[in-house]
Amino acid sequence: MWDLIIKNGRLLTMDSTKELNKSLLIKDGLIADIVENNIAEKLDARKVIDAEGLVVMPGLVDCHTHLGEYATEGVHKTVGKSQKMAAISNYLDCLKSGITTLGEHILGHPVLSTTIGELKEAARHTALTVKFATGTCCVGTEPLAYTSALRPGRSITFDDLGDAHYAGLAVQSEFPGENIFITATVANLPTHLVPNGGKRILDRQDISRIVNIFHSIGKKIGAHIEGAENIEFFMSANGDVIHHGHGATPQQFHEMARKNIYLVATPHGGTSSAPNTPDEIYQSLKAGVTTAIATDAYLPVHPEAVGMDDIELVGPKDLFKICKPTFEYLHERGFSKVDCLKMITTNAAKVMGLDAEIGTLSRLKKADIIICKGIPVFDFTDTDSVLMVIKDGLVEIDKTI
Ligand SMILES: [Zn+2]
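Values in this document were obtained by computation on a predicted structure and should not be read as measured data. The numbering scheme is per chain: residues are counted from 1 as the chain's sequence reads. Predicted model: local features are reported for residues with pLDDT of at least 70 only, side-chain atom pairs are reported and counted for 80 or more only, and whole-chain, interface and lining totals are derived from all residues.

A. Looking closely at the overall build of the protein chain. For the purposes of this entry, the term helix denotes a DSSP run of H or I that reaches at least four residues, the term strand denotes a run of E that reaches at least two, and both are numbered from the N terminus. Per the secondary structure count, the protein chain includes 12 helices and 20 strands. As a reference, a globule follows 2.2 Å times the number of residues to the power 0.38, and the radius of gyration itself is taken over C-alpha atoms. Against the globule reference of 21 Å for 401 residues, the protein chain gives a C-alpha radius of gyration of 21 Å, in line with a compact fold. Partly exposed residues are those falling between the two cut-offs: more than 12 but fewer than 20 other C-beta atoms within 10 Å of their own, whereas 20 or more means buried and 12 or fewer means exposed, with C-beta atoms placed from the backbone. Relative to its full complement of 401 residues, the protein chain shows a buried share of 54%. Across the protein chain, contacts joining residues at least 24 apart in sequence account for 69% of those joining residues at least 6 apart. Contacts here follow a simple rule: the backbone-placed C-beta atoms of the two residues must lie within 7 Å.

B. Representation of helix 8 (residues 250-259) in the model. For helix 8, the set of buried residues is Gln252, Phe253 and Met256. Projected down its long axis, helix 8 carries its buried residues within an arc of 105 degrees, all on one side. Exposed residues pointing more than 90 degrees away from the buried face of helix 8 are listed as Pro250, Gln251 and Arg258. Along its buried surface, helix 8 packs onto helix 7 (228-236), strand 14 (262-265) and helix 9 (278-287). Our arc is simply the arc of the directions from the helix axis toward the C-beta atoms.

C. Seen up close, the packing of helix 5 (residues 163-172) against helix 6 (residues 204-216). One way to put it is that helix 5 packs onto helix 6 with a least axis distance of 9 Å and a crossing angle of 45 degrees. Here helix 5 is positioned oblique relative to helix 6, judged by the angle of their axes. Between helix 5 and helix 6 the crossing geometry is right-handed. Along its contact with helix 5, which presents Asp163, Tyr166, Ala167 and Ala170, the element helix 6 presents Ile210, Ile213 and Phe214. In this classification, Asp, Glu, Lys and Arg are treated as charged, Ala, Val, Leu, Ile, Met, Phe, Trp, Tyr, Cys and Pro as nonpolar, and every other residue, Gly included, as polar. Of the residues contributing to the contact of helix 5 with helix 6, the split by class is six nonpolar, no polar and one charged. Every angle, taken between N-to-C directions, lies between 0 and 180 degrees, and every axis is a line fitted to C-alpha atoms, over only the stretch in contact when it is a helix. Angle categories are assigned with fixed cut-offs, so that under 35 degrees is roughly parallel, over 145 is roughly antiparallel, 65 to 115 is roughly perpendicular, and the rest are oblique. Two helices that cross are described as forming a left-handed crossing if the nearer one is turned anticlockwise from the farther one by less than a right angle, and a right-handed crossing if clockwise.

D. View of the pairing of strand 9 (residues 136-139). Neither face of strand 9 is exposed, since Thr136 and Cys138 on one face and Cys137 and Val139 on the opposite face are all buried. Counted along the chain from strand 9 to the antiparallel partner strand 10 (residues 145-148), the turn is five residues long. Paired strands, in this sense, are two strands between which DSSP finds at least two bridges.

E. Quick peek at the sheet that holds strand 6 (residues 60-65). Across the sheet, three strands lie side by side as 6-7-8; this open sheet has parallel pairing. Two strands bound the open sheet, and with one partner strand each, they are strand 6 and strand 8 (129-134). Geometrically, the sheet is characterised by an average inter-axis angle of 15 degrees between neighbouring strands, direction not taken into account. Pairing geometry for strand 7 (residues 99-106) and strand 8, over six bridges, is parallel.

F. Representation of the sheet that holds strand 12 (residues 222-226) in the model. Taken together, five strands build an open sheet; the order of strands is 11-12-13-14-15 and the sheet is parallel. Of all the strands in the sheet, the pair left with one neighbour each is strand 11 (180-181) and strand 15 (291-293). Strands strand 12 and strand 13 (241-246) of the sheet are contacted by helix 7, whose axis makes an angle of about 155 degrees with strand 12.

G. Representation of the packing of helix 7 against helix 8 in the model. Where helix 7 contacts helix 8, the two axes come as close as 11 Å, and the packing angle between them is 15 degrees. The orientation of helix 7 relative to helix 8 falls into the category roughly parallel. Between helix 7 and helix 8 lies a crossing of left-handed hand. The segment helix 7 lies against helix 8, with Ala228, Ile231, Glu232 and Met235 engaging Gln252, Glu255, Met256 and Lys259.

H. Up close: the domain arrangement of the protein chain. Boundary definitions for the domains trace back to an automatic or database domain assignment. Partitioning the protein chain into structural domains gives domain 1 (2-58 + 360-398) and domain 2 (60-351). Each of domain 1 and domain 2 has a C-alpha centre, and these two points are 30 Å apart. Contacts between the two partners involve 19 residues from domain 1, matched on the other side by 23 residues from domain 2. Elements represented by at least two residues in the side of domain 1 that touches domain 2 include exactly strand 5 (55-58), strand 19 (386-391) and strand 20 (394-398). For the side of domain 1 that touches domain 2, the element with the highest residue contribution is strand 19, accounting for three residues. For the side of domain 1 that touches domain 2, the per-class residue count stands at 12 nonpolar, four polar and three charged.

I. Up close: the environment of isoleucine 99. Along the chain, isoleucine 99 turns up in strand 7. Isoleucine 99 sits in the buried class, given 29 other C-beta atoms within 10 Å. Between the C-alpha atoms of isoleucine 99 and asparagine 21, which are 78 residues apart in sequence, the distance is 23 Å. Excluding its chain neighbours within four sequence positions, the residues that come into contact with isoleucine 99 are Leu60, Asp62, Cys94, Pro316 and Leu319.

J. Structural view of the nonpolar core. In terms of nonpolar packing, the biggest core is built from 119 residues, with Val56 and Ala348 touching the most fellow members. At six residues, the largest contribution of residues to this core is made by helix 10 (residues 319-332). In this structure, this core is formed jointly by two domains, domain 1 (2-58 + 360-398) and domain 2 (60-351), each of which donates at least three residues. In contact with alanine 348, not counting residues within four places along its chain, are Val61, Asp62, Cys63, Ala292, Ala294 and Met343. A set of buried residues qualifies as a nonpolar core if it consists of Ala, Val, Leu, Ile, Met, Phe, Trp, Tyr and Cys joined through C-beta atoms within 7 Å.

K. Broad picture of unusual backbone geometry. With an omega of 0 degrees, the peptide bond running from glutamate 142 to proline 143 counts as cis. Within the secondary structure, proline 143 is located in the loop between strand 9 and strand 10. The omega torsion across alanine 297 and tyrosine 298 is -10 degrees, close enough to zero to call that bond cis. With respect to the secondary-structure elements, tyrosine 298 resides in the loop between strand 15 and strand 16 (299-300). For valine 377, which is not a glycine, the phi torsion comes out positive at approximately 75 degrees. Mapped onto the elements, valine 377 comes out in the loop between strand 18 (369-372) and strand 19. The backbone of aspartate 392 shows a phi angle near 50 degrees, a positive value even though the residue is not glycine. Its location among the elements puts aspartate 392 in the loop between strand 19 and strand 20. Overall, the presence of 16 C-beta atoms within 10 Å leaves aspartate 392 in the partly exposed class.

Below you can see the structure in the form of structure tokens.
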């Protein structure tokens, strides 16, 4: 007896660039097998979903978000204990949008004082897989404003950030997200409030020292970076994941590929520079860089973002929309639809170090699956067209009833 059979679907496994018309057998939260439809017809299961005409693909992975911390205050205006409720509300929006795995950030917030442990615990009570990157943030105000995951609810100074502090952040970090800010962020503030947005706040020696601290305890490190020279500093220090990377040159994409440094692109904004264009993301993929696209939710759209006039503030429900200009550009230049969708499944799972468990529909991977009216991004960008969301083999969202 199988727990769940999803039969007759148009399978986008991500392992194959072609669509397969097969059935998924699910047991104990995992994909136990992928079989021909006529074989699945003869099998018994506690639940059977006939997905004829529907696209069946892995649950989405948004590998760079701030939904439990900055977006609780930003979106819900919570400043006290209700931070955790706001976080869970944001996580539910993810699940309803087809996102089953999140790469979250705890960077410290000057007002919100919920601890790392409490935020991790709140996330454990959701159906999502949530991993947390812990780090320190620098906002480009005058003077610069620093925060750290280890000091929630207060502002700190650069002098508070010694080697022991970075080691403490490394211990708590679960994936290479924005562990450090090499350039000060504009955050979600209007330009006149962040005159130091984009300013380099760590020099070459600082970056090298911090990368080595993370590596010395076996942790990978990611960084918020814009500008070619700053990107070069992080690459020469052997950092692992570049977040945003706005302003990277074509030669730098080749260097990233050679050193196996990953890129998390945010084509809608996130730094003081113009965001990644569809052509830059194309150059990155062509060079062989493992490239993901993430929402950085919640994040306002940069005025120079390509093809996003209809969005103001990017949240979980906008993941398809921010991918659309890039995916169409890539597809016109010979990338398959599956290769495009890997940026929000397989490649994002690689960024989070979860590619052995999720990111493709393969035998013995987690049964994190979405069932859609068509091919996401190409056929639709609304999240109502994600009809069902299955997490760990259980139907969590069903919009067909
Ligand atoms: Zn971010």
